[in-house]
Amino acid sequence: MANKLIREIGLPKSIANIFAARNIVTAKDALSLTEFELMELLDVGWAEVTSAVAHISAIVCPPYQSALSLMEQRVQNEHLAGHLPTRLKGLDEALCGGIPFGVLTELVGPAGIGKTQFCLKLSLLASLPSSYGGLDGHVIYIDVESKFSSRRLIEIGAKSFPEIFLTKGMAQKMSGRILVWRPASLSEFTERLQQIKVSLHRNEVKLLVIDSMAALVSGEYEQGIPRQHPLGWHVSFIKSLAEFSRIPIVVTNQVRSQSRDEACQFSFQVQRWKETKEDQARYGSHLVAALGVHWAHAVTIRLVLEAKSGQRFLKVSKSPISPPLAFPFDITASGMSLLSDDGIDLTGPDINAIRSQGHSDIINFTGESLQ
Amino acid sequence: MEVGRLPISASQRGKLISAGYTTLSSLSSLSPSDLALDLRISENEAAEILKVASLGSRLDEPEGGRAIVNGAQTAWDMLHEDEMFPRITTSCLDLDNVLGGGINCKEVTEIGGVPGIGKTQLGIQLAVNVQIPVDYGGLGAKAIYIDTEGSFMVERVLQIAEACIEDMTECNGLLRKDFQAGQLKMHPNNILENIFYFRVCSYTEQIALTNYLDKFISEHKDVKVVIVDSVTFHFRQDFDDMALRTRLLSGIALKLMKLAKEHGLAVVLLNQVTTKYIEGSFQLTLALGDSWSHSCTNRVILYWNGNERYAYIDKSPSLRSASAPYSVTSKGIRNSASNCKRIRMM
C-alpha cells in the first residue's frame, strides 16, 4: 500500500500533476515529507497541501477490523483457530492450542539441549495428514548449522506415530514434504528468503523453520552495539512472511556468555548495580541469547530450553498469552516429552535466565540411550 | 505582522514581498483586481490571497480585549477541565496510585520496557478497561489498537475481557446485593467488538494512519484511547537516514498530541528498549533516541526489580517520580500481591 502511485489514487488532476512534476511518485515519497516541506517543494498553499495529504493518508491507511471479527475469522478459516499443536500437553494448554500462526516463535538454549529435536518434531507434525491432527502441508526447513538429520526425523516419526510411519510408503511421503535447504552465507539467505515468499503460497507450505538464526550472523556480529542491526531487514521481512501467509515460523537462537558490563539496568536503577551483579553470580547464569535485545523485541513467543542440576527445563519466557511457566522435559527416542504437564510458575530473573548446569551429564546419558 | 507567516505558496509570497506588500495592513484595503494587476497574477488567485490575509489579521486581533493570546486558556480553567476528565484504570491499584488515578485522557503517555515485561499486556488491558461502564467508574468508551508488530493476540483479549466482566459482576454483587435490576448486561464479545484493530505494515502506513485518525475518530466519537504497539518497530528497521527518522517521528508525535487534546482521549505509545553507552558502562534506555524522549508528555518505564515487575514514572509534568509493583496474571494486569485482587472502582 505504501508504494501506491500518487497519480492513481484520485487526487484532483491539477495537484496530482504538481506532485508528478516534482518527482514525488509514490505515497511513501509524499508522506516522508512534512506538510511544510511539501509546501516549499510543490509551491502551493497550505490548504491544498493538507487536503492532498489527508487524501493520500486515507487511501494508504490500512482498513480496520474489530477484535471480534478478527477472532471469528480465525476460528472459521483456520485449523484449530490458527495453532500448530506441539503434542506436549502442558505447553499446548499454556499457548492456547500450540504454536500460533502468523507470528515468530523462538527457541533459545545452550548447544545440545534439544532445540533441533524440537524443530524436527514440529516439522513432522506440520506434515502429518489432518486426520492425524497435522496440518497436511509442506515444511521449509532452513538448516544453517547443518544439523538436520533425516534418520533422526524418521526415527521420531516411527516412535511417535507408528500407525502412520509403519504403513508402507508413508514414511517416504511424510519426509518428502519436508524441504531442507542449507544457505552458505547471510547474503544467500537474504536472496532466497525473497524467493521463499513466492513459493510459500504455491506449495502449500504450512511451517517455516530457521535453525538457527544466530549462526547466520555469528561471524559478522561484533561485541558492542552496531548503529543498525545486521538482521534489521530480516526481522521485519520474516515477520511479514508469517503474517501474510498465516503460517507459524519457528526460529532457533544460540546462547553466548554474558560480557562483563552487559546492559541490564536502566539508568535510574544504577545504584542497585552491585547487588544485581551478586545475584547473577549466585544464580550461576552467565548465558544470554546470542541475538540481542532488538531481536528479542521482535519475537512474539520465546521458549527457553535450559538445564538445571541435571534436569532439563522448557520455559515459556515471553508470550502474550501464557504466564511464565517451566516444564521439566526429557529427550527420548520419540523426541521431546514433558515429564509433567503442570507448569511451574516463574518469577523475576528466573524467567529470562538460561542455565546449563550439569548439562554435559545429560548429553552423555541421552546420547547413549538414543543409540 | 509579516506576510511571510501566511499559509500561501512560496512563489506567491515572493511576489507579494517583491511588490512591497510586507504587512497585512498593506493588503487590507486592496481589491482583488488591484492586487492581480500589481503582482501579474490571475484575479482568482489574488482573491484567494486576500481571503487568507484577512483571516490571518482577524486571528491576530485580541477578542473583546479579554484574551491576550487567542486560543489560550487560563491556568484556573485548565485545572477545572483536568478534574473533569476521567482516567483509565490499569486494574492495578498501586500503578493507578503512582499514575495519579490511571492513564490520563488528553495526554500522550509512553510506556517502555524490556521484552516480555508486559507492554502488550498493559496495552490490551487498557483497551478493555476503557470500556468499563460509567456506572462502574469507567468511561464506557471504545478503543483503537494499532498493531505494528503483529503481537496482538485475540485469545488473550478474550481472557482479559472475561476476567474484567467477572470482576465487575463480583463488585456488582457486593454493592447492591438486594437489587436484581442492577444486573450487568455485558458480554466479552461486546468488548471485543469495540476494539478497532489496525494492522500497520510499514512506516508509511503508520504515518498515513496517524493522519487519518483524526477523521476516523470524528466518525467514531466514543473512542477514548489509542494504543500504538509499538511506535518503534518500523522505525528501527531499514532506516539509514537518521535525520529523516527524527523528523518523521516528531511529526507523528505532534499529530498524536493534537489528537489527544482535541478529542479528549488518551494516547498510549509502547516503546522498546535499546542499549546506550553512558559514563563508562552500557545501560538500558528506551529506543528512538534523545529527541524522541521530549515528545511524550508522560513516560513510564517497566522493569524487573528482583522477583517483581515494577513501573517507574520517568517523566511527567504533574506526577512525582515514583515506582510501583504490578503483576501480569492470567486475568491481566493486577496488583502484585496475589491476595489483593480487588479492582479499583468508584
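Residues numbered from 1 in each chain as written. Chains lettered and ligands numbered in written order. Predicted model: local features only at pLDDT ≥ 70, side-chain atom pairs only at ≥ 80, totals over all residues. Heavy atoms only, no water.

## Here we look at the packing of helix 7 (residues 115-127) of chain A against helix 8 (residues 150-160) of chain A
All names here are of chain A.
(1) Moving on: Where helix 7 contacts helix 8, the axes come no closer than 10 Å and their chain directions differ by 65 degrees. For the pair helix 7 and helix 8, the sense of crossing is right-handed. Contacts from Gln117, Leu120, Lys121 and Leu124 in helix 7 reach Arg152, Leu153, Ile156, Gly157 and Ser160 in helix 8.
(2) Moving on: Split by residue class, the contact of helix 7 with helix 8 holds 4 nonpolar, 3 polar and 2 charged. (Axes fitted to C-alpha atoms, helices over the stretch in contact; angles between N-to-C directions. Helix = DSSP H or I, 4+ residues; strand = E, 2+ residues; numbered from the N terminus. Left-handed = near helix turned anticlockwise from the far one by under 90°. Contact = heavy atoms within 4.5 Å. Nonpolar A, V, L, I, M, F, W, Y, C, P; charged D, E, K, R; others polar.)

## Quick look at the sheet that holds strand 4 (residues 142-147) of chain B
(1) Moving on: Read across the sheet, 10 strands follow the order 1(A)-5(B)-4(B)-6(B)-7(B)-3(B)-10(B)-11(B)-12(B)-13(B) without closing on themselves; strand pairing throughout is mixed. Each edge of the open sheet is held by one strand with a lone partner, namely strand 1 (64-66) of chain A together with strand 13 (332-334) of chain B. Here the average twist between neighbouring strands, direction ignored, is 25 degrees.
(2) Moving on: Taken together, the 5 bridges between strand 4 of chain B and strand 5 (residues 195-199) of chain B define a ladder with parallel strand orientation. In the strand pairing of strand 5 of chain B, Ile146 of chain B is matched with Phe198 of chain B.
(3) Moving on: Relative to the sheet, helix 5 (residues 67-77) of chain A contacts strand 1 of chain A together with strand 5 of chain B, its axis offset from that of strand 1 of chain A by approximately 80 degrees. (Pairing = 2+ DSSP bridges.)

## Some remarks on the confidence of the model for chain A
All names here are of chain A.
(1) Moving on: Across chain A, the average pLDDT comes to 81, with 87% of residues at 70 or higher.
(2) Moving on: Across chain A, the secondary-structure element scoring lowest on mean pLDDT is helix 16 (residues 359-370), at 44, and the one scoring highest is strand 4 (residues 104-108), at 93.
(3) Moving on: Low pLDDT (under 50) marks residues 277-284, which in the prediction has 9 contacts with non-local residues, meaning those over four places away or in another chain.
(4) Moving on: Note that residues 361-371 has pLDDT below 50 and, in this model, 15 contacts with residues that lie over four places away or in other chains. (pLDDT = per-residue confidence, 0-100.)

## Describing the side chain of Thr105 of chain A
(1) Moving on: Of note, Thr105 of chain A is situated in strand 4.
(2) Moving on: Setting aside residues no more than four positions away along its own chain, Thr105 of chain A makes contact with Ile99, Pro100, Ile249, Val250, Val251, Ile301 and Leu303 of chain A.

## Some details on the interface of chain A and chain B
The figure often quoted for interface size is the accessible area lost as the parts come together.
(1) Moving on: In this assembly, 71 residues from chain A lie in contact with 73 residues from chain B.
(2) Moving on: Between chain A and chain B lies a buried interface of about 6,300 Å² when both sides are counted; carbon and sulfur atoms form 64% of it.
(3) Moving on: Ranking the residues of chain A by area buried against chain B places Phe266, Phe268 and His297 of chain A at the top, with a combined share of 12%.
(4) Moving on: If you look at where chain A meets chain B, you find 4 salt bridges.
(5) Moving on: The closest approach of N and O atoms between Lys255 of chain B and Glu35 of chain A, which form a salt bridge, is 3.7 Å.
(6) Moving on: Contributions of two or more residues to the side of chain A that touches chain B are made by helix 2 (27-31), helix 3 (35-42), helix 4 (46-60), strand 1, helix 5, helix 13 (232-245) and helix 15 (293-298) of chain A.
(7) Moving on: Each residue belonging to the side of chain A that touches chain B can be placed in one class, and the counts come to 39 nonpolar, 20 polar and 12 charged.
(8) Moving on: For strand 1 of chain A and strand 5 of chain B, the ladder comprises 3 bridges, and the chain directions are antiparallel. Each bridged residue has a counterpart across the sheet, and for Ser66 of chain A the counterpart in strand 5 of chain B is Phe196 of chain B. (Buried area = accessible area lost by both parts, 1.4 Å probe. Salt bridge = Lys/Arg side-chain N within 4 Å of Asp/Glu carboxyl O.)

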